[in-house]
Amino acid sequence: MPEGHVIHRLAARFNEGFRGAPIAASSPQGRFDASLIDAHPLLAARAHGKHLFLEFAPATVHIHLGLIGSLRFEPAEDVWGQIRLRLVPDRGRGAVAANLRGPQTCAYLNPAEVAAILERTGEDPLDAGADPDALWARVHRSKRTIGSLMMDQAYFAGVGNIYRAEPLFRLGLSPFTPGRALDRAEFDALWADLVQLMHYGVEHGRIDTVRDEHAPEAMGREPRKDDHGGEVYVYRRAGQPCYVCGDEIALRKVEGRNLFWCPTCQRD
């Protein structure tokens, strides 16, 4: 499932290339009634966590990609696959289409429904208006582990498996530490690291979390080869040596998701 930086990049692309022009909206797959927004201009696109909202005058389109969904910007003449929603701005020849395939959600929402989603979604590290103080109060009351809380979109919006594993390693925090056992300095450092890493993800379109001294060039090692790209400390590195201590990276299935950590660098 794409993490929050991907959704924010999608919103930025819509705002840069689609806003203001009449949009030809269709559903080649036939599973979405695009007639409500067809020929209307896109007013704005915005992201919160893993939710993307495309605002048109008649209604807002809510998109959640889920596990297998994709939203790609492709040449307008290139139509393939099961496209749930297709948006093409009226910009003449060479136009680029936004093609949505396999989403978990693609639905119209009214303002009250949008507000309800935002209300039940947690604090987004990529949102300049986020309230880490409110999040700290909730985390500090919780008996759940910080590794569990970080994957809960009602707490940390937009954080997924990579952005859970990597900041915890970088700060030497065990993912099994209860939220209420964290002190405020540890929480503040975790939030600041999330903000930094996720903004980097938005800017560069990839997740890189290793510090300069642990980069391939500095350590004389091969670059990471993985579909997700980017240099990381523990994510998908189970059984491999830790770049800091040399011990093996551990893997455990927790709440149905793979959890990666270094038992030496992140002692309970």
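On a predicted model such as this, the values are computed, not experimentally measured, just so you know.

Draft legend 1. Quick look at the nonpolar core. Judged by nonpolar contacts, the single largest core of 35 residues is most densely connected at Val139, Ile146, Met150 and Phe156. Among the elements that make up this core, the one with the highest residue count is helix H6 (residues 184-204) (six residues). Ignoring sequence-local partners within four residues, the contact set of valine 139 consists of Ile146, Leu149, Tyr155, Phe156, Gly179, Arg180, Leu182 and Phe187. Core analysis: the second largest hydrophobic core is formed by 26 residues, Leu52, Leu54, Leu100 and Cys106 among them.

Draft legend 2. Representation of the state of the cysteines within the structure. Evaluation of the coordinates by the stated rule reveals zero disulfides. Between cysteine 242, a free cysteine, and cysteine 265, which holds the nearest cysteine sulfur, the sulfur-to-sulfur gap is 3.8 Å. With no disulfide of its own, cysteine 265 has cysteine 262 as its nearest cysteine by sulfur position, at a separation of 3.8 Å.

Draft legend 3. Inspection of the sheet that holds strand E5 (residues 70-75) at higher detail. Strand order in the open sheet formed by four strands is E1-E6-E7-E5, and the pairing between neighbours is antiparallel. Both outer strands of the open sheet, strand E1 (23-26) and E5, are each paired with one neighbouring strand and no more. Sheet twist, expressed as the mean angle between neighbouring strand axes with direction ignored, is 20 degrees. Pairing of strand E6 (residues 83-89) with strand E7 (residues 96-101), which is carried by four bridges, proceeds in the antiparallel orientation. Residue pairing across strands places leucine 87 opposite alanine 98, the latter belonging to E7.

Draft legend 4. Here's a closer look at the UniProt feature "domain: FPG-type" (unreviewed entry) in the chain. Mapped onto this structure's residue numbering, the UniProt feature "domain: FPG-type" (unreviewed entry) falls at residues 233-267. As annotated, residues 233-267 has a helix share of 0% and a strand share of 29%, and its two end C-alpha atoms lie 16 Å apart.

Draft legend 5. Highlighting the packing of aromatic side chains. Counting across every chain of the model gives nine aromatic pairs. Chaining the aromatic ring pairs together yields one cluster made of Phe14, Phe18 and Phe73. Taking NZ or CZ as reference, arginine 13 lies 4.4 Å from the ring centre of phenylalanine 73, over its face. For the cation-ring pair, arginine 138 lies above tyrosine 155, with the distance from its terminal atom to the ring centre recorded as 4.0 Å.

Draft legend 6. Seen up close, H6. Helix length check: H6, at 21 residues, gives a terminal C-alpha distance of 30 Å against a target of 30 Å (1.5 Å per residue), a fit within 8%. Of all the residues in H6, the buried ones are Phe187, Leu190, Trp191, Asp193, Leu194, Leu197, Met198 and Gly201. Take H6 and look down its axis: the buried residues cluster within an arc of 165 degrees, on one side only. In H6, the exposed positions angled more than 90 degrees off the buried face are occupied by Ala185 and Glu203.

Draft legend 7. Seen up close, the pairing of strand E2 (residues 44-48). Extensive coverage of E2 is indicated by the burial of four of its five residues. Counting the residues between successive antiparallel strands, the hairpin from E2 to strand E3 (residues 51-55) contains two residues, one of them, glycine 49, with a positive phi of roughly 60 degrees.

Draft legend 8. Here's a closer look at the side chain of serine 27. Checked against the element boundaries, serine 27 lands in the loop between E1 and E2. For serine 27, a relative accessible area of 15% corresponds to the buried category. If near-sequence neighbours (up to four positions away) are discounted, serine 27 is found in contact with Phe32, Ala34, Ile83 and Arg84.

Draft legend 9. Structural context of the packing of helix H1 (residues 4-17) against H6. Contact geometry of H1 with H6 gives a least axis separation of 8 Å together with a crossing angle of 45 degrees. Here H1 lies oblique to H6, going by the angle between them. As for the relative orientation of H1 and H6, their crossing is right-handed in sense. Within the contact between the two elements, H1 uses Gly4, His5, His8 and Arg9 and H6 uses Met198, Gly201, Val202, Glu203 and His204. For the contact of H1 with H6, the class distribution of residues is two nonpolar, five polar and two charged.

Draft legend 10. View of the sheet that holds E3. The four strands are arranged E2-E3-E4-E8 in an open sheet whose pairing can be described as antiparallel. Edge strands, defined here as strands with exactly one partner in the open sheet, are E2 and strand E8 (105-109). Here the strands of the sheet are splayed against their neighbours by 20 degrees on average, with no regard to which way each runs. Where E2 meets E3, five bridges bridge the pair, whose relative direction is antiparallel. The partner of alanine 47 across the bridge, within E3, is leucine 52. Each of E2 and E3 is contacted by H1, which is oriented at about 170 degrees to E2, the strand it contacts most. Running at roughly 130 degrees to E8, helix H2 (residues 111-120) makes contact with E2, E3, strand E4 (60-64) and E8 of the sheet.

About the cut-offs
- Residues numbered from 1 in each chain as written.
- Predicted model: local features only at pLDDT ≥ 70, side-chain atom pairs only at ≥ 80, totals over all residues.
- Heavy atoms only, no water.
- Core = buried A, V, L, I, M, F, W, Y, C linked by side-chain atoms within 4.5 Å.
- Buried < 20%, exposed > 50% of the residue type's maximum accessible area, 1.4 Å probe, protein only.
- Helix = DSSP H or I, 4+ residues; strand = E, 2+ residues; numbered from the N terminus.
- Contact = heavy atoms within 4.5 Å.
- Disulfide = S-S within 2.5 Å.
- Pairing = 2+ DSSP bridges.
- Axes fitted to C-alpha atoms, helices over the stretch in contact; angles between N-to-C directions.
- UniProt positions renumbered as here; feature names shortened; annotations may be inferred.
- Phe/Tyr/Trp six-rings, centres within 6.5 Å; stacked < 30°, edge-to-face > 60°.
- Lys NZ or Arg CZ within 6 Å of the ring centre and 35° of its normal.
- Expected span 1.5 Å × (residues − 1).
- Arc of directions from axis to C-beta.
- Parallel < 35°, antiparallel > 145°, perpendicular 65-115°, else oblique.
- Left-handed = near helix turned anticlockwise from the far one by under 90°.
- Nonpolar A, V, L, I, M, F, W, Y, C, P; charged D, E, K, R; others polar.

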